[in-house]
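# A structural walkthrough
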Amino acid sequence: MGTGAITQYVDVAQIVLYMFWAFFAGLIYYLLRENHREGYPMDNGHLQGGPVQVGWPVPEPKVFKLADGREVLAPDVNRVDGTYSAQPTHRFLGAPLEPVGDPLLAGVGPGGWAARADTPDLYHGNHIKIVPLRIAADHGVMSPDVDPRGLPVYGADKQLAGTVKDLWIDRAELMFRYLEVSLKTGETVLLPMTFSRIKASGVFVGAILASQFGNVPKTKSMEQITLLEEEKITAYYGAGTLYATPERQEPLF
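In what follows, the accompanying structure is described. If you're wondering where the values come from, they're calculated on a predicted model, not measured in any experiment. Within each chain, residue numbers correspond to sequence positions counted from 1 in written order. A pLDDT threshold of at least 70 governs which residues receive local features in this predicted model, and a stricter bar of 80 or more applies before side-chain atom pairs are shown or counted, although totals over entire chains, interfaces and linings include all residues. Values reported for side chains reflect all heavy atoms of the structure, with hydrogen atoms and water molecules removed beforehand.

## Focus: the pairing of strand β1 (residues 62-65)
Our working definition: Think of it this way: DSSP has to see at least two bridges between two strands before they count as a pair. By the criteria applied, helices consist of DSSP H or I runs no shorter than four residues and strands consist of E runs no shorter than two, each listed in order from the N terminus.
Where β1 and strand β2 (residues 71-74) come together, 4 bridges link them in antiparallel fashion. Each residue of the ladder has a partner; that of Val-63, found in β2, is Leu-73. In sequence, β1 turns back onto β2 through a hairpin of 5 residues, with Gly-69 there showing a positive phi of about 95°.

Below you can see the structure in the form of structure tokens.
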């Protein structure tokens, strides 16, 4: 027998190889279960409004302790699921959902949203991350960038929707997240920066029409925004990319 051989057919290298295979299989098993911790259990597709899928590969619940002292259970079979207004286009499970009512508020398709915490996002020191510039007065728009405050806001139909009143900045990432828009009706809504094109002549939004700005979900406070409010606001504009006009739901060719 050669060096490292235990028997005529087994040696140390072979045992180490088998140990590696066993470790790697265990690692795949662990990662697969942890990958199903967030977002699970899932709705079974019957539109019953609740997460019901349990068992493999969904792992056992684990308690996560957050920096602010709160504890979160994941997965949580009793968690509140996002609400939506839609009906399946066919009777089989997994069939596409068709919005019922206002498609921009239906909560499906590109307008889907998750039931995140209805509390503001925090950063170091438990300070609120996203606030308007009137609160974060030590921040501003760097020259020579266009300062959109005071500029008109136009919808996808090129009609005037309102005027930019302020900008909301993420103080942790040092970037602007929202434009605060004062509508012609006197209401104030938030416009995500990712859905706006800022030019010297105005702010142009391709996602929704000017008349649809009035239904943008509102925030409880005009000095902060919660994670849930961010979900709903962004989902509204996302839904507009498909449902703002009937033509957008038709084939390209």
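## Brief notes about unusual backbone geometry
As a reminder of what qualifies: Three exposure classes are used, based on accessible area relative to the maximum for each residue type with a 1.4 Å probe and protein chains only: buried under 20%, partly exposed in between, and exposed over 50%.
Here the amide bond leading from Ala-74 into Pro-75 is cis, since omega sits at -5°, within 30 degrees of zero. Pro-144 follows Ser-143 through a cis peptide bond whose omega is 10°. Along the polypeptide, Pro-144 turns up in the loop between β7 (130-132) and β8 (152-154). Backbone geometry at Lys-158 places phi at a positive 70°, although glycine is not the residue there. Residue Lys-158 is classed as exposed on the basis of its relative accessible area of 60%. Despite not being glycine, Leu-174 shows a phi value in the positive range, around 55°.

## Comments concerning the side chain of Ser-196
Under the convention used in this document: Pairing of N or O atoms within 3.5 Å defines a polar contact, subject to two protein rules: one partner must be a possible hydrogen donor and the other a possible acceptor, and residues neighboring in sequence count only if both atoms are side-chain atoms. We call two residues contacting when some pair of their heavy atoms lies within 4.5 Å.
Along the polypeptide, Ser-196 turns up in the loop between β11 (188-192) and β12 (197-199). Residue classification places Ser-196 among the buried positions, given a relative accessible area of 5%. Here Met-193 takes part through its backbone oxygen, which lies 2.9 Å from a polar atom of the side chain of Ser-196. The contact partners of Ser-196, leaving out residues within four places of it in the chain, are Leu-179, Leu-191, Val-203 and Phe-204.

## A closer look at the layout of surface pockets
Rules: The pocket and cavity definitions rest on a 1 Å grid over protein atoms only: a 1.4 Å probe that fits but cannot leave marks a cavity, an open set with protein on both sides within 12 Å along at least five of seven lines marks a pocket, and residues lining either have an atom within 4 Å of a point. Grid points are joined across faces, edges and corners, and a volume is the space filled by probe spheres set on the points.
Of the volumes computed, that of the second largest pocket is approximately 200 Å³. Lining the second largest pocket we find Leu-66, Ala-67, Asp-68, Arg-70, Ala-117, Thr-119, Pro-120, Asp-121, Leu-122, Tyr-123, Asn-126 and Leu-227.

## With respect to the environment of Thr-83
With respect to the helices and strands, Thr-83 occurs in the loop between β2 and β3 (86-88). On the basis of relative accessible area, Thr-83 is assigned to the exposed category, the value being 57%. Taking the C-alpha atoms as reference points, Thr-83 and Ala-106, 23 residues apart in sequence, are found 8.4 Å from one another. Thr-83 has contacts with Ala-106 and Trp-113, leaving out every residue within four places of it along the chain.

## Details of the packing of aromatic side chains
Cut-off, in case you're wondering: Aromatic contacts are taken between Phe, Tyr and Trp rings whose centres are within 6.5 Å, Trp giving its six-membered ring; a plane angle under 30 degrees counts as stacked, one over 60 as edge-to-face, and the others as tilted. Distance and angle both matter: a charge sits over a ring if NZ of Lys or CZ of Arg is within 6 Å of the ring centre and within 35 degrees of the ring normal.
Tallied over the full model, the rule gives 6 aromatic pairs. Considering the side-chain rings of Phe-213 and Tyr-237, the 6.2 Å spacing of their centres and the 70° angle between planes classify their relative orientation as edge-to-face. Here Phe-213, found in the loop between β13 (202-204) and α2 (227-243), pairs with Tyr-237, found in helix α2; they are 24 residues apart in sequence, far enough to count as distant. Residues Phe-213 and Tyr-237 agree in their burial class; the two are buried. Judged by centre distance (6.1 Å) and plane angle (85°), the rings of Tyr-236 and Tyr-237 are edge-to-face. Here the two residues Tyr-236 and Tyr-237 agree in accessibility, since each one is buried. Among the aromatic residues, those joined into a ring-pair cluster are Phe-195, Phe-213, Tyr-236 and Tyr-237. The ring of Phe-204 carries Lys-199 above its face, with NZ or CZ at 5.5 Å from the centroid. Above the ring of Trp-113, the side-chain terminus of Lys-232 is found at 4.9 Å from the ring centroid.

## Here's the deal with the pairing of strand β10 (residues 175-183)
For a regular strand, side chains alternate in direction, first toward one face of the sheet and then toward the other. Where strand β9 (residues 160-170) lies against β10, 8 bridges are found, and the strand directions are antiparallel. Its bridge partner being in β10, Asp-166 is matched across the sheet by Glu-180. Between β9 and β10, which pair antiparallel one after the other, the connecting turn spans 4 residues, and Leu-174 there sits at a positive phi close to 55°. Bridge count between β10 and β11: 5 bridges; the pairing is antiparallel. Bridging from a neighbouring strand, Val-181 pairs with Val-189 of β11. Linking β10 to β11, which pair antiparallel, is a turn of 4 residues; within it Gly-186 sits at a positive phi near 95°.

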